[in-house]
Amino acid sequence: MTRRIFPAHNTCYRKIVMPNASPEFNTKRSFLKYLMVFVSGFIAFFSSWGIARFVFSGTGQKVDRTISKELFQSINREKPYFIPQAEAWIIKGQNLSESVAFDDRCTHLGCRYKWNQDKDLFECPCHGSEFDIHGQVLRGPATRHLPRLYLTEASSQMLRISEH
Ligand code: FES
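The following refers to the structure shown.

Rules and cut-offs
Residues numbered from 1 in each chain as written. Predicted model: local features only at pLDDT ≥ 70, side-chain atom pairs only at ≥ 80, totals over all residues. Helix = DSSP H or I, 4+ residues; strand = E, 2+ residues; numbered from the N terminus. Buried ≥ 20, exposed ≤ 12 C-beta atoms within 10 Å, placed from the backbone. Contact = placed C-beta atoms within 7 Å. Pairing = 2+ DSSP bridges. Axes fitted to C-alpha atoms, helices over the stretch in contact; angles between N-to-C directions. Core = buried A, V, L, I, M, F, W, Y, C linked by C-beta atoms within 7 Å.

**Points about the overall build of the protein chain**
Thinking step 1. When helices and strands are counted, the protein chain shows two helices and 12 strands.
Thinking step 2. Along the protein chain, from the amino end to the carboxyl end, the secondary structure elements read β-β-α-β-α-β-β-β-β-β-β-β-β-β.
Thinking step 3. The buried share among the 164 residues of the protein chain stands at 16%.
Thinking step 4. Counting contacts in the protein chain only where the partners sit at least 6 residues apart, residues at least 24 apart contribute 31% of the total.

**Quick notes on the environment of Asp103**
Thinking step 1. Take Asp103: it is sitting in strand S6 (residues 100-103).
Thinking step 2. For the pair Asp103 and Arg65, spaced 38 residues apart in sequence, the C-alpha separation works out to 9.9 Å.
Thinking step 3. In contact with Asp103, not counting residues within four places along its chain, are Glu87, Ala88, Pro147 and Leu149.

**What to know about the sheet that holds strand S4 (residues 81-83)**
Paired through their backbone hydrogen bonds, the strands of a sheet run either parallel or antiparallel.
Thinking step 1. Strand order across the open sheet formed by six strands is S3-S12-S11-S6-S5-S4, with antiparallel pairing between neighbours. Each edge of the open sheet is held by one strand with a lone partner, namely strand S3 (66-68) and S4. On average, adjacent strands in this sheet sit at an angle of 35° to one another, irrespective of strand direction.
Thinking step 2. The pairing of strand S5 (residues 88-91) with S6 spans four bridges and is classified as antiparallel. What sits directly across from Ile91, in S6, is Val100.

**Concerning the sheet that holds strand S8 (residues 121-123)**
Thinking step 1. Strand order in the open sheet formed by four strands is S7-S8-S9-S10, and the pairing between neighbours is antiparallel. Strands with a single pairing partner mark the edges of an open sheet, and in this sheet they are strand S7 (114-116) and strand S10 (137-139).
Thinking step 2. Across two bridges, strand S9 (residues 130-131) lies against S10 in antiparallel orientation. Across the sheet, the residue bridging to Phe131 is Val137, located in S10.

**Side note on the nonpolar core**
Thinking step 1. Core analysis: the biggest nonpolar cluster contains 19 residues, and Ala88, Trp89, Ala101, Phe102, Leu149 and Ile161 have the highest contact counts within it.
Thinking step 2. Of all the secondary-structure elements, those providing two or more residues to this core are S5, S6, strand S11 (148-153) and strand S12 (158-162).
Thinking step 3. Every residue in contact with Ala101, bar those within four places of it in the chain, is listed here: Ala88, Trp89, Ile90, Leu149, Leu151 and Ile161.

**Overview of unusual backbone geometry**
Thinking step 1. In this structure, Pro141 follows Gly140 across a cis peptide bond, with omega equal to 20°.
Thinking step 2. Position of Pro141 among the secondary structure elements: in the loop between S10 and S11.
Thinking step 3. Even without being glycine, Glu87 reaches a positive phi, approximately 50°.
Thinking step 4. Position of Glu87 relative to the elements: it lies in the loop between S4 and S5.
Thinking step 5. Phi at Asp120 is positive, roughly 65°, even though this residue is not glycine.

In structure tokens:
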């Protein structure tokens, strides 16, 4: 503990370190020390947890990348169609092999982009990246195109959206 006292000549005052501080002071000091350690650890834990979650699993939830054939049949071919549970956009072609899908995460920093019907392109709200209907970058800061996903048969009722 430091305490400011006036010297005898009253010309200035200086800090004096108290080597034998009272037990009450030591308790407060210890408490503050442990509080600082706890708060720092708390911040460090949640920061690294958030980063790890972002890097390794995106949303941290398992994504169901299947859709029913019935839903696929009902999709309009004129514009991209969003499948929320699959977290993907589908662009329906003449048939399954001509249809493509894109993960709904921007290739810049992972925000969810949306289809802008007026501009006829995908637009990311975070930093303004734009992609055409084929997933090609029209405007940065994103530099990578949207990776293509494929639609394949999963069962007699269902289709799978996957990277291969
Ligand atoms: S995350 Fe999409 S532009 Fe930055």
